[in-house]
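Listed here are the chains, written in short residue letters.
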Amino acid sequence: MTPPRTPDPRLALDPARTALVLVDLMDRIVALPLEPYKGTEVLFVAEELAATFRSAGALVVLIRVERPGIAEQPAGSGLADGLFREGDLEIVKRTTGGFQGTGLDERLHERDITTLVFGGIATNLGVESTARAAGDLGHQLVFVEDAMSALTAAEHQASVKLDFPRLGSVVTAGEVRFAAGS
């Protein structure tokens, strides 16, 4: 068992300038055979994080994918049941990442959001693609390792251990906290 890490003091998040970004938490994607966490486990952690962010007054961004050029989306293409709440921002993407052609960056700038906290499926695809674009746009990035999963544990670990530490901070859901007095 790995001992708990000491929380990074730089991760005292300002709810007025921080958004939780959850990628592709849709029934048909949550139901895939995922590793190292089952989709239902990721969804549970994401729902808990979303509740914490909403309670702190921070924005929750829910990104889902729609396949371009088809008349009807596959069953299970909406957000997982009960995930969206009034005040959340729902973004529909048609590429791997959540910024291309969605207006997401403009909507974050309107709210003066500078830090993005990520979770979703798949770690190495939708989450990483969206995060890389966010980093290129100047956002500070935080990755919640236990709020994401991939098709294989190796893909998840490659993102979490090799790529994400170069882009931002990697934490667990239990380490996400807001600055005192927020």
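Residues numbered from 1 in each chain as written. Predicted model: local features only at pLDDT ≥ 70, side-chain atom pairs only at ≥ 80, totals over all residues. Heavy atoms only, no water.

A. Quick look at the overall build of the chain. Helices and strands together make up the secondary structure of the chain, namely 5 helices and 8 strands. Listed N to C, the secondary structure of the chain is β-β-α-α-β-β-α-β-α-β-α-β-β in terms of helices and strands. The C-alpha atoms of the chain give 15 Å as radius of gyration, which agrees with the globular expectation for 182 residues (16 Å, within 12%). Taken along the three principal axes of its C-alpha coordinates, the chain extends 50 × 40 × 30 Å. Within the chain, the fraction of its 182 residues that count as buried is 47%. Considering only intrachain contacts with a sequence separation of at least 6, the fraction spanning at least 24 residues in the chain is 81%. Accessible surface, the chain: about 9,000 Å² in total, of which carbon and sulfur atoms supply 52%. (Helix = DSSP H or I, 4+ residues; strand = E, 2+ residues; numbered from the N terminus. Rg over C-alpha atoms; globule rule 2.2 N^0.38 Å. Buried < 20%, exposed > 50% of the residue type's maximum accessible area, 1.4 Å probe, protein only. Contact = heavy atoms within 4.5 Å. Areas by Shrake-Rupley, 256 points an atom, 1.4 Å probe, with all protein chains shown as cover.)

B. Representation of the nonpolar core. One finds Leu25, Leu49, Phe53 and Ile121 to be the most contacted residues of the largest nonpolar core, which totals 32 residues. If you list the elements that add at least two residues to this core, you get strand S2 (18–23), helix H1 (27–30), helix H2 (39–56), strand S3 (59–65), strand S5 (115–121) and strand S6 (140–149). Looking at this core, the element that brings in the most residues is H2, giving 7 residues. Apart from residues lying up to four places away in sequence, Leu25 is in contact with Val30, Val42, Leu43, Ala46, Ile63, Gly78, Leu79, Ala80, Leu83, Gly120 and Ile121. Membership of the second largest hydrophobic core comes to 23 residues, among which are Leu59, Ala131, Ala134 and Phe143. (Core = buried A, V, L, I, M, F, W, Y, C linked by side-chain atoms within 4.5 Å.)

C. Structural view of the packing of aromatic side chains. For the coordinates displayed, the defined rule picks out 3 aromatic pairs. A centroid spacing of 5.0 Å and a plane angle of 75° characterise the contact between Phe53 and Phe178, whose relative ring orientation is edge-to-face. Residue Phe53 is found in helix H2, and its partner Phe178 is found in strand S8 (residues 177–178); the two are separated by 125 residues along the sequence. A centroid spacing of 5.8 Å and a plane angle of 20° characterise the contact between Phe118 and Phe143, whose relative ring orientation is stacked. Taken together, the residues span a long stretch of sequence, with Phe118 in strand S5 and Phe143 in strand S6 at a distance of 25 residues. Comparing Phe118 with Phe143 shows no difference in burial state: the two are buried. An aromatic cluster is defined as three or more aromatic residues linked by ring pairs; in this entry it consists of Phe118, Phe143 and Phe164. (Phe/Tyr/Trp six-rings, centres within 6.5 Å; stacked < 30°, edge-to-face > 60°.)

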